[in-house]
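Summary of the model geometry
In case you want the letters, here they are:
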Amino acid sequence: MERGEEAAAAEGKAAEGTEEEEDDFGYRLFPDRNKKPQSFLVRSLFTFHNRCQLMLRMTLDTNPYAQLLLEAMKQSGCTVFNDRHFSCENCDGCVSGGFDSATSQIVLCQNNIRHQSHMNRVVTHELIHAFDHCRAHVDWFNNVKHLACSEIRAANLSGDCTLMNEIARFKFGLKGHHQACVRDRAIRSILAVRKVSKEMAEKAVDEVFDACFNDLEPFGRIPHSKTDAKRAYRDFQNRDRYNANL
């Protein structure tokens, strides 16, 4: 789940006092999920929707992070179709996207994604959740450790914690900063979609951190840049050719 910085802290504090409330699993952040779909003609009149669709197409056609994940999912038996598996919708102001495991859809927040680079990162982040959903028996709703693991992987492999992104957030560090960023963003994402305390979210992340941080599939490395992602995509394709020749 991609979310804003400021809202995360407030969400965490609110969650501490509402553990007993019924958990809506974050659906409150995506109000269009419960609305009747609009016709294509109506949707085409809205600039946000058009822009979202154009940026999505650009990401799927040109971004190596997304291309590798799409290929990996196809090979795992989970072919992704643009019209079926992506939905541009209006969302709460604190989130940029989400993965709806109930419908196997990636929600892109058309009112909050304003730049192509942001779209690239959100699509990659949510495709990692979709990849985990495809390859593993993830219990998104009942096992917070499963959710924590996928959030760690998404933050680690999507480019969320690249040096440039952290500088843009006015966060600086040297040794261990990438790991700290991944941990922090995974905790924030859990607090956005689960009514748990910050302590519970931190505990879940810490208990699975090492194993999930080191699970680099399908990239085989941490792609710190688009160049790294291109290399990973090339290696992934070559790995398939090698396996085919065995």
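Reading the values: rules and limits
- Residues numbered from 1 in each chain as written.
- Predicted model: local features only at pLDDT ≥ 70, side-chain atom pairs only at ≥ 80, totals over all residues.
- Heavy atoms only, no water.
- Helix = DSSP H or I, 4+ residues; strand = E, 2+ residues; numbered from the N terminus.
- Buried < 20%, exposed > 50% of the residue type's maximum accessible area, 1.4 Å probe, protein only.
- Contact = heavy atoms within 4.5 Å.
- Areas by Shrake-Rupley, 256 points an atom, 1.4 Å probe, with all protein chains shown as cover.

Time to look at the overall build of the chain. Scanning the chain for helices and strands turns up 11 helices and 4 strands. Relative to its 246 residues, the chain shows a buried fraction of 49%. Within the chain, residue pairs in contact and separated by at least 24 positions form 68% of the contacts whose partners lie at least 6 positions apart. When the accessible surface of the chain is totalled, it reaches about 12,600 Å², and 54% of it is carbon and sulfur.

In the segment running from glutamate 217 into proline 218, the intervening peptide bond is cis, with an omega of 0 degrees. By the secondary structure assignment, proline 218 is in the loop between helix 10 (198-213) and helix 11 (226-245). Even without a glycine there, the phi angle at serine 104 is positive, about 55 degrees. Within the fold, serine 104 resides in the loop between strand 3 (95-100) and strand 4 (105-109). Exposure remark for serine 104: the relative accessible area of 28% places this residue in the partly exposed category.

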